[in-house]
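# Structure assessment
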Amino acid sequence: MRQVIRVLKTPVTLLILLAILGYGAYWGYQQVTFDTSRPATPCVPQDVGGTLTSDRVTVRVFNGGEKPRAAKDTRNVLLAWHYNVIAYNNSNDDVTAVTVIGNSAEDPEVRLVAQAFKNATTKGDGRVDHVVDVILPTKFEMLETVPTTLEVDGPVCLPPIAAGSASATPSASTSATPSTSPSKKK
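Structure report, in brief. Bear in mind that the values here come from a model prediction, so they are computed numbers and not experimental data. (Residues numbered from 1 in each chain as written. Predicted model: local features only at pLDDT ≥ 70, side-chain atom pairs only at ≥ 80, totals over all residues. Heavy atoms only, no water.)

### Some words on the overall build of the protein
As a reminder of what qualifies: Numbered from the N terminus, helices here are DSSP runs of H or I no shorter than four residues, and strands are runs of E no shorter than two. Classification of residues uses two cut-offs on accessible area relative to the type maximum, computed with a 1.4 Å probe and protein chains only: under 20% is buried, over 50% is exposed, and between them is partly exposed. Any two residues whose heavy atoms approach within 4.5 Å are treated as being in contact. Accessible surface is estimated by sampling points in the Shrake-Rupley manner with a 1.4 Å probe; for residues, cover comes only from the protein chains shown.
Summing up its helical and strand segments, the protein has three helices and nine strands in all. In the protein, the succession of helices and strands from N to C terminus is α-β-β-β-α-β-β-α-β-β-β-β. Relative to its 186 residues, the protein shows a buried fraction of 34%. Restricting to contacts in the protein with at least 6 residues of sequence separation, those with at least 24 account for 78%. Carbon and sulfur atoms make up 56% of the accessible area of the protein, which totals about 12,000 Å².

### Remarks on a nonpolar patch on the surface
The criterion, for reference: Patch membership is restricted to residues that have no salt bridge and whose relative accessible area is over 30%. Joining uses 9 Å for like charges and 5 Å for the nonpolar side chains Val, Leu, Ile, Met, Phe, Trp and Tyr. Should a side-chain nitrogen of Lys or Arg be within 4 Å of a carboxyl oxygen of Asp or Glu, the pair is scored as a salt bridge.
Where nonpolar side chains cluster on the molecular surface, the patch consists of Val 4, Leu 8, Val 12, Leu 14, Ile 16, Leu 17 and Ile 20 and spans about 660 Å² of accessible area. Here Leu 14 lies in helix α1 (residues 2-32).

### What about the nonpolar core?
What counts here: In this description, a nonpolar core means a group of buried Ala, Val, Leu, Ile, Met, Phe, Trp, Tyr and Cys residues linked to one another through side-chain atoms lying within 4.5 Å.
Among the nonpolar cores identified, the biggest contains 31 residues, and Val 59, Tyr 83 and Val 113 are the most heavily contacted of them. Mapped by element, the contributors of at least two residues to this core are β3 (58-63), α2 (70-80), α3 (108-114), β7 (132-136) and β9 (156-158). Per-element tally for this core: the top contributor is α2, with six residues. Apart from residues lying up to four places away in sequence, Val 113 is in contact with Val 57, Val 59, Tyr 83, Val 100, Val 132 and Val 134.

### Describing α1
Where we set the bar: Expected helix span is computed as 1.5 Å times (number of residues minus one). The angle between axes fitted to the seven residues ending at a residue and the seven residues starting there is what we call the bend at that residue.
Between its terminal C-alpha atoms α1 stretches 45 Å, which fits the 45 Å expected from 31 residues at 1.5 Å a residue. Its axis deflected by about 35° at Lys 9, α1 carries its strongest bend there, up to four residues before the proline Pro 11.

Here it is as structure tokens:
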């Protein structure tokens, strides 16, 4: 009996250690693939007094083309015209025309941002936060005077603007001239 225990001790120990290792690998994989992203904050219906202004529109700018710094330069122009640009980066989407994406292609915030570009395409993806994404192709044109107002009927559902999130100073190298009206201070 003692000899049987002695013979089985090593394989049983190895099987127990293998089971612990397997469980550790499974647990680690579960932790790595766990979705930690926060759900988008839903938009808030806001009375804009019949006119949607650029300072109430939240935008993210993405470079979907091969032109270096396109997203950053566009961000600076939009900031100069008082849009709330919260992010800019590269995109994996390869587009041939400026694509403006929001909750719906007909939403006022999407239409206002799309007016800043020549031949922009608008799309809706049902996002609940109503943040507007702009994906830039390699070749695109912005208007020299970017529209900052749009007439609307009734309240507009817009993302809540976090304090201090939108007032970055644009660089002096932007080609567009901002409006002479003073910006709203928060």
